[in-house]
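# Descriptive analysis of the structure
Each chain, written out:
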Amino acid sequence: MKNSITLTESGLSLAELRTIYFEPTALHVASSLKIAIERSAAVVTQTMKEGKTVYGINTGFGALASTRIEPDKLAELQLNIIRSHKAGVGAYLDEKICKLVLALKIVGLSAGYSGVRWILVEKLLELFNRGFFPCLHAKGSVGASGDLAPLADLAGVLIGEGDAWFEGNIISAHEVLKIIDWKPYVLGPKEGLSLINGTQVSTGLALAALFKTERLLGSTIVSGALAIEAIKGSISPFHPKIQELRRQQGQQQIATWSRELLGHSSISESHRDCGKVQDPYSMRCQAVVMGTCLDTMNYVASILQREANAITDNPIVIPETGEVISGGNFHAEPVAFAADHLALAIAEMTSIAERRIAMLMDRHFSGLPSFLVTNSGLHSGLMIAHVTAAAMVSENKSLSHPASVDSIPTSANQEDHVSMATSGARRLHEMLENAGYVTAIELLSTIRAVAFHLPLKTSERLEKIMKQLSPLIQLDSSDHVLSPEIEALQQAVLGGRVATVVLEIDGKPNFHDCSQIGKSG
């Protein structure tokens with residue numbers, strides 16, 4: 001059964017955007033927005049009647065903006081901009097991201113400041129609700145003047161050119177039109193430009209990465225708590241008074257979740273009066289590091305929710321005054337900065353997790369058999385699993401370099417400063433794949449390590465997740481092929497299975513208070 005979401009003047013919440021990304025969803029537009037759309041289109045019609053020269057309506061584009069186009073060539077102008085801008089390269093983005101981007105384009109055009117006709121929005125809605133999501137090339141956008149090349153891919157389906165995702169398969173745009181029984185759409189004044197202008201691709205990529213990072217965060221909180229149990233570490237660093245004195249909200253939240261995960265553990269009780277004073281930082285500072293990641297994610301969420309509902313077209317049509325104003329709302333700098341911040345959070349989660357894995361491999365730190373295998377020497381245990389984790393962490397260090405500090409002039413220096421938001425957001429997905437492997441390896445290590453403490457058991461919450469994950473791994477510590485286990489655990493991490501145990505503590509469906517984030521926007 002599909003979810004049903006109605007777009008209104010207030011836009012979409014973060015929860016609704018997450019639903020669109022992960023779940024089957026029908027999207028509707030409130031009737032009040034239809035009125036706003038038609039008012040905006042009327043301004044364009046009036047401008048044409050008055051013979052005014054307005055960028056994007058009767059001029060060339062980019063560096064050719066000073067070229068006036070004759071009235072009998074305006075339909076051709078809009079068609080040409082779609083075709084000429086379909087210059088993206090590389091693989092297509094995955095279906096869920098293309099679906100989210102199409103939804104975001106509908107949001108932007110439905111606000112009533114783009115000058116397009118209702119029939120165009122209606123066509124996009126039909127594509128969305130019937131499950132035809134235009135295929136978008138992953139590469140070719142510099143994140144300024146809009147995500148031009150991939151959004152031209154989106155527009156191309158309307159005119160029967162390009163490809164679309166449909167039920168997990170790629171079909172031609174020509175076939176889409178045949179199935180729906182459409183003729184190629186005839187673009188009205190400014191409609192081609194409105195379709196390709198905007199930050200919807202970079203925003204969609206960044207939002208999808210944020211939603212997956214939420215799952216990574218929850219999973220790494222769990223694997224970190226299991227690491228504490230594995231080394232019989234101290235839970236005193238999660239004491240509420242320490243967190244209160246630091247005043248950082250994310251740190252306080254992570255500590256609360258960690259206390260709940262670790263509460264009522266017989267392993268913890270078994271070493272209550274041991275002589276150990278302090279654990280290494282990767283154990284002791286989990287609330288600080290992961291809390292900083294959570295605060296960063298909340299910042300990113302607020303930026304991206306605003307951007308998802310923003311008008312990033314150019315020029316912008318103002319129905320209230322009848323003006324058509326050229327500006328720079330298409331510049332994706334907010335998304336670029338948000339993506340760079342999220343990259344830091346992903347990199348740090350993997351960095352601290354790898355240090356805990358390393359500790360578990362070393363019997364001098366962990367007090368457990370070397371590499372978590374009983375007959376080390378004959379067996380190598382998880383030695384190379386840790387090497388794999390280290391490789392992923394180092395890759396993520398390189399990928400976390402900020403994309404937003406780069407810029408390269410385009411369009412004969414008319415577009416002389418760009419955001420690089422699209423590549424900055426796209427690289428997050430490679431980082432998340434790597435990070436998912438690191439957390440998977442920590443889960444593999446900690447589940448095996450905690451088993452060495454039997455008959456002592458960890459907390460009820462952690463026992464529950466270990467029971468769920470145990471069928472994915474071979475608890476016998478003798479050497480065997482590890483890759484399938486790591487892959488299965490990574491899918492559990494990024495698929496949200498592991499994070500669920502943290503969400504159950506508060507009884508909330510997600511890691512963000514969506515109403516609070518909505519207010520910040």
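In this text the structure is predicted, and so the values were computed from the model without any measurement. (Residues numbered from 1 in each chain as written. Predicted model: local features only at pLDDT ≥ 70, side-chain atom pairs only at ≥ 80, totals over all residues. Heavy atoms only, no water.)

## Section: a nonpolar patch on the surface
This is how the line gets drawn: A patch consists of residues whose relative accessible area exceeds 30% and which take part in no salt bridge; residues with like charges are grouped when within 9 Å of each other, and nonpolar side chains (Val, Leu, Ile, Met, Phe, Trp, Tyr) when within 5 Å. Each accessible area is a Shrake-Rupley result for a 1.4 Å probe, and residues are judged covered by the shown protein chains and nothing else. Within this document, salt bridges are pairs made up of a side-chain nitrogen of Lys or Arg and a carboxyl oxygen of Asp or Glu, the two lying within 4 Å of each other. A helix here means a DSSP run of H or I that spans at least four residues, while a strand means a run of E at least two residues long, and both kinds are numbered starting from the N terminus. Buried residues are those whose accessible area, probed at 1.4 Å on protein chains only, stays under 20% of the maximum for their type, while exposed residues exceed 50% and partly exposed ones sit between those limits.
Residues Met383, Ile384 and Val387 make up a contiguous nonpolar surface patch of roughly 250 Å² in combined accessible area. Inspection of the secondary structure puts Met383 in helix α17 (residues 383–399). A relative accessible area of 30% means that Met383 is categorised as partly exposed.

## Quick look at the pairing of strand β7 (residues 169–172)
Selection criterion: We call two strands paired when DSSP finds no fewer than two bridges between them.
Strand direction decides the pairing type here: strand β6 (residues 163–166) and β7, joined by four bridges, are antiparallel. By the bridge assignment, Asp163 is partnered in β7 with Ser172. Connecting the antiparallel pair β6 and β7 is a turn made up of two residues, with Glu167 showing a positive phi of about 55°.

## Things to note about the packing of aromatic side chains
Defined as follows: Each Phe, Tyr or Trp ring, with Trp reduced to its six-membered ring, pairs with another whose centre is within 6.5 Å; inter-plane angles below 30 degrees give stacked pairs, above 60 give edge-to-face pairs, and intermediate values give tilted ones. By definition, being over a ring means that NZ of Lys or CZ of Arg is both within 6 Å of the ring centre and within 35 degrees of the ring normal.
Enumeration over the complete set of coordinates arrives at five aromatic pairs. Between Tyr21 and Phe211, the aromatic rings sit 6.1 Å apart at their centres with planes inclined by 40°, giving tilted as the arrangement. With Tyr21 in helix α1 (residues 14–22) and Phe211 in helix α9 (residues 200–230), this pair connects stretches of sequence that are 190 residues apart. The same class applies to Tyr21 as to Phe211, namely buried. Ring centres of Phe128 and Phe133 lie 5.7 Å apart, and the angle between their planes is 65°; on these two criteria the pair is classed as edge-to-face. With a relative accessible area of 9%, Phe133 lands in the buried category. An aromatic cluster is present here, built from Tyr21, Phe22 and Phe211 joined pairwise through their rings. A cation over a ring is seen here: Lys96 above Tyr21, with NZ or CZ 4.7 Å from the ring centre. Its end group placed over the ring of Phe22, Arg215 keeps NZ or CZ at 3.9 Å from the ring centre.

## Describing the packing of helix α18 (residues 421–451) against helix α20 (residues 483–494)
Using the following cut-off: Geometry is summarised by axes, namely lines fitted to C-alpha atoms with helices restricted to the contacting stretch, and by angles between N-to-C directions that run from 0 to 180 degrees. By the definition adopted for this analysis, an angle is roughly parallel if under 35 degrees, roughly antiparallel if over 145, roughly perpendicular if from 65 to 115, and oblique otherwise. Helix crossings fall into two classes, left-handed where the near helix is turned counterclockwise from the far one by less than a right angle and right-handed where it is turned clockwise. Working rule for contacts: check all heavy atoms of both residues, and any pair within 4.5 Å makes them a contact. Three residue categories are used. Nonpolar comprises Ala, Val, Leu, Ile, Met, Phe, Trp, Tyr, Cys and Pro, charged comprises Asp, Glu, Lys and Arg, and polar comprises the others, including Gly.
As a packed pair, α18 and α20 sit with axes 8 Å apart at the nearest point and diverge in direction by 110°. Classed by the angle they form, the pair α18 and α20 counts as roughly perpendicular. Of the two elements, α18 crosses α20, and the hand of that crossing is right-handed. Contacts from Leu432, Glu433, Gly436, Tyr437, Thr439, Ala440, Ile441, Leu443 and Leu444 in α18 reach Glu485, Ile486, Glu487, Leu489, Gln490, Val493 and Leu494 in α20. Among the residues making up the contact of α18 with α20, the classes are represented as ten nonpolar, three polar and three charged.

## As for the confidence of the model for the chain
Spelled out, the test is: Confidence of the prediction at every residue is given by pLDDT, a number between 0 and 100.
Of the residues in the chain, 96% have a pLDDT of 70 or more, and the chain-wide mean is 92. This stretch, residues 513–521, has a pLDDT under 50; its non-local contacts, to residues over four places away or in other chains, come to 13 contacts.

## Describing the nonpolar core
Operational definition: Only buried residues count toward a nonpolar core. Its members are Ala, Val, Leu, Ile, Met, Phe, Trp, Tyr and Cys residues joined through side-chain atoms within 4.5 Å.
Ranked by size, the top nonpolar core spans 152 residues in total, and within it Leu127 and Val222 carry the most contacts. Among the elements that line this core, the one with the most residues is α9, at 17 residues. Contact partners of Leu127, with chain neighbours within four places excluded, come to Leu102, Phe132, Val157, Leu158, Val176, Ile180 and Trp182. If you look at the next biggest cluster of nonpolar residues, it comprises five residues, including Val43, Val44, Ile57 and Val317.

## Focus: the sheet that holds β6
If you trace the three strands from one edge of the open sheet to the other, you get β4-β6-β7, paired in antiparallel fashion. The sheet terminates laterally at β4 (132–134) and β7, the two strands that pair on one side only. Each strand axis lies, on average, 40° off the axis of its neighbour in the sheet, ignoring direction. Packed on one face of the sheet, helix α4 (residues 95–110) meets β4 and β6 and runs near 90° to β4.

## Some remarks on the pattern of salt bridges
The tally for this structure, following the rule as stated, stands at 14 salt bridges. A salt bridge links Arg18 to Glu214; its shortest N-O distance comes to 2.8 Å. Note that Arg18 is positioned in helix α1 and Glu214 in helix α9, a separation of 196 residues in sequence. Across the pair, Glu214 and Arg18 agree in class, each one buried. Notably, a salt bridge pairs Glu50 with Lys52, separated by 3.0 Å at the nearest N-O pair. On the accessibility criterion, Glu50 (43% relative accessible area) is partly exposed.

## Digging into empty space enclosed by the protein
Counted only if it meets this: Here a cavity denotes grid points, spaced 1 Å and computed from the protein atoms alone, that fit a 1.4 Å probe unable to get out, and a pocket denotes an open set having protein on both sides within 12 Å along at least 5 of 7 lines; residues with an atom within 4 Å of a point are the lining. Grid points are joined across faces, edges and corners, and a volume is the space filled by probe spheres set on the points.
In the structure shown here, the tally under the stated rule is one cavity of 30 Å³ or more. Space inside the largest cavity adds up to approximately 50 Å³. For the largest cavity, the full set of lining residues is Lys105, Gly108, Leu109, Ser114, Ser194, Asn197, Gln200, Ala310, Ile311, Thr312 and Asp313. With three residues, the single largest contributor to the lining of the largest cavity is α4. Grouping the amino acids of the lining of the largest cavity by side-chain chemistry returns three nonpolar, six polar and two charged.

## A word on unusual backbone geometry
The general pattern is negative phi for most residues beyond glycine and trans for most peptide bonds. In this chain, Asn314 is followed by Pro315 through a cis amide linkage whose omega measures -10°. Of note, Pro315 is situated in the loop between α14 (286–308) and β8 (316–318). Of note, the amide linkage connecting Leu454 to Pro455 takes the cis form, showing an omega dihedral of 15°. Not every positive phi belongs to a glycine, and Glu167 is a case in point at roughly 55°. Locating Glu167 in the fold gives a position in the loop between β6 and β7. Of note in the backbone geometry, Asp181 takes a positive phi value of approximately 65° without being a glycine. Tracing the chain through its elements places Asp181 in the loop between α7 (173–180) and α8 (191–196). On the basis of relative accessibility, which here comes to 69%, the residue Asp181 falls in the exposed class.

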